[in-house]
Amino acid sequence: MKKTFPVALTLISAALMATGSAMAADLPGKGVTVYPVQSPLPEESFQTELVNRALEKLGYDVQPTKEVDYNVAYTAISEGDATYMAVNWEPLQKDMYNSAGGDKKFYRKGTYISGAAQGYLIDKKTADKYHITDLSQLKDPKIAKLFDADGDGKADLTGCNPGWNCGAVIATQIKAYGLSNTVEQNQGNYSAIIAETLTRYKAGKPILYYAWTPYWVSFVLKPGKDVVWLTVPFSANPGGLKGLDTTLPNGKNYGFSVNNEHIVANKQWAEKNPAAAKLFAIMKLPLADVNAQNLRMHEGQDSAQDVQQQVDGWIKAHQSTFDGWVKQAMAAAGK
């Protein structure tokens, strides 16, 4: 018995290793490399890394996510230099999407995150005191001056990063509503300029800013309690969005349509990888979950390791959902 036991153990180990190798070879992503991209906005890391994690379960060799501007991301994916991006805003980024090739170059199925709102907000104290409800009221120099942070007499509107489509929308609307002489969009690194805006709010000063969800700002400056959304007098959008009616079903117009976020991938790559294509089409992430994670980043849990742990936590809390995505993706590949 003493002589045969090690032999039996060796045979069992060899069998297990062979089984493991067969299972690994069975994965649809085996030997296929994925090159994900996202914008430099750190708060987009969570939704991107969740997709990466699911791709890894399918056997794909997922490379570290590269941060590039949105327009660069669309071009890179279109040309096959990158594989996918998890933050395609529709309709906001319609022009970028179409300019890089549109449906001929991109695979886009399903909706990853839905109900992303955006628009203009001011602090509730100032809104109530001066009865401000609509952005067009800032045409009045006296009203605009309330939000003057740099002393030039114009309202300082915390806007978008240069190159983001929202900046073009804001610029178009400032002109359309006759606000060019009274309102100025401050552009730069959004994380930095919204931090300055928050500092002004804490100091009791009036604030005017653009914001969107999912993002941490709406957790810190709560609409209806700390700040209020401003309506606009009519729809006004640039480029391919011209003619878009941004009026909501309730009759109010905040200047921006409610957006959905999609995963977009290189179309040729997706056609060759049905498992990944299926995954991209079926993944859904609640907007509230992204908001909550973004708040944790704002509170200091913002390192790459923190984000990975937050992805771990989300998967653990939604294990059956995550496993279901992987199972459906495997089935699409006939595995």
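Given the structure is predicted, the values throughout are model-derived calculations rather than measurements. (Residues numbered from 1 in each chain as written. Predicted model: local features only at pLDDT ≥ 70, side-chain atom pairs only at ≥ 80, totals over all residues. Heavy atoms only, no water.)

Which parts of the structure should I look at to understand the overall build of the protein chain?
From N to C terminus, the protein chain includes 14 helices and 13 strands. Dimensions of the protein chain, computed from C-alpha atoms along their principal axes, come out at roughly 95 × 45 × 35 Å. For the protein chain, the proportion of its 335 residues judged to be buried stands at 48%. Look at the contacts in the protein chain between residues 6 or more apart in sequence, and 76% of them connect residues 24 or more apart. When the accessible surface of the protein chain is split by element, carbon and sulfur atoms take 55% of a total near 16000 Å². Within the protein chain, the 33 negative side-chain charges are centred at a point lying 5 Å from the centre of the 34 positive side-chain charges. (Helix = DSSP H or I, 4+ residues; strand = E, 2+ residues; numbered from the N terminus. Buried < 20%, exposed > 50% of the residue type's maximum accessible area, 1.4 Å probe, protein only. Contact = heavy atoms within 4.5 Å. Areas by Shrake-Rupley, 256 points an atom, 1.4 Å probe, with all protein chains shown as cover. Lys, Arg positive; Asp, Glu negative; His and termini not counted. Charge placed at Lys NZ, Arg CZ, Asp CG, Glu CD.)

Please clarify how the packing of aromatic side chains should be interpreted in this entry.
Each aromatic ring pair is characterised by the separation of its centres together with the angle its planes make. Following the criterion strictly, the structure yields 18 aromatic pairs and no others. Linked through ring pairs, Tyr70, Tyr120, Trp164, Tyr190, Tyr210, Trp212, Tyr215, Trp216 and Phe256 together constitute an aromatic cluster. Above the plane of the ring of Tyr97 lies Arg108, whose end atom (NZ or CZ) is 3.9 Å from the centre. (Phe/Tyr/Trp six-rings, centres within 6.5 Å; stacked < 30°, edge-to-face > 60°. Lys NZ or Arg CZ within 6 Å of the ring centre and 35° of its normal.)

In this structure, what is going on with unusual backbone geometry? I would like to understand it.
Omega for the peptide link from Glu90 to Pro91 comes to 15°, which places this bond in the cis form. The residue Pro91 is located in the loop between strand E5 (84-90) and helix H4 (94-99) in this model. Here the residue pair Thr213 and Pro214 is connected by a cis peptide bond, since its omega of 5° sits within 30 degrees of zero. Within the secondary structure, Pro214 is located in the loop between strand E11 (208-212) and helix H9 (217-220). Even without glycine at this site, His131 takes up a positive phi of about 55°. Considering the arrangement of structural elements, one finds His131 in the loop between helix H5 (124-130) and helix H6 (141-145).

Even after reading the chapter, I still don't get the packing of helix H2 (residues 45-57) against helix H11 (residues 274-282), so can you show me in this structure?
Two measures define how a pair of helices packs: the angle their axes make with one another and the distance between the axes. Contact pair H2 / H11: the axes reach a minimum separation of 11 Å and the direction vectors enclose 145°. Taken as a pair, H2 and H11 cross one another with a handedness that is right-handed. Residue-level contacts link Val51, Ala54 and Leu55 of H2 to Ala276, Leu279 and Phe280 of H11. (Axes fitted to C-alpha atoms, helices over the stretch in contact; angles between N-to-C directions. Left-handed = near helix turned anticlockwise from the far one by under 90°.)

Honestly, the pattern of salt bridges in this entry has me stumped. Any pointers?
A side chain of one charge can pair with a side chain of the opposite charge when the charged atoms of the two come close. With the rule as written, the count across this model stands at 3 salt bridges. The partner of Arg53 in a salt bridge is Asp312, and the shortest N-O contact between them spans 2.5 Å. With Arg53 in helix H2 and Asp312 in helix H13 (residues 304-317), this residue pair connects regions lying 259 residues apart in the sequence. Taking relative accessible area as the criterion, Arg53 reaches 18% and is therefore assigned buried. (Salt bridge = Lys/Arg side-chain N within 4 Å of Asp/Glu carboxyl O.)

Teacher, can you tell me more about the state of the cysteines here?
Two cysteines joined by a covalent bond between their sulfur atoms form a disulfide. Throughout the structure, instances matching the rule amount to 1 disulfide. One disulfide in the model links Cys160 with Cys166; its S-S distance is 2.1 Å. With a relative accessible area of 0%, Cys160 lands in the buried category. (Disulfide = S-S within 2.5 Å.)

What's the story with the confidence of the model for the protein chain in this structure? I'm lost.
Low-pLDDT portions of the prediction should not be read for the details of their coordinates. When pLDDT is averaged along the protein chain, the result is 92, and 93% of the positions lie at 70 or above. Every residue in residues 1-23 is under pLDDT 50, and counting partners more than four places away or in other chains gives 0 contacts. (pLDDT = per-residue confidence, 0-100.)

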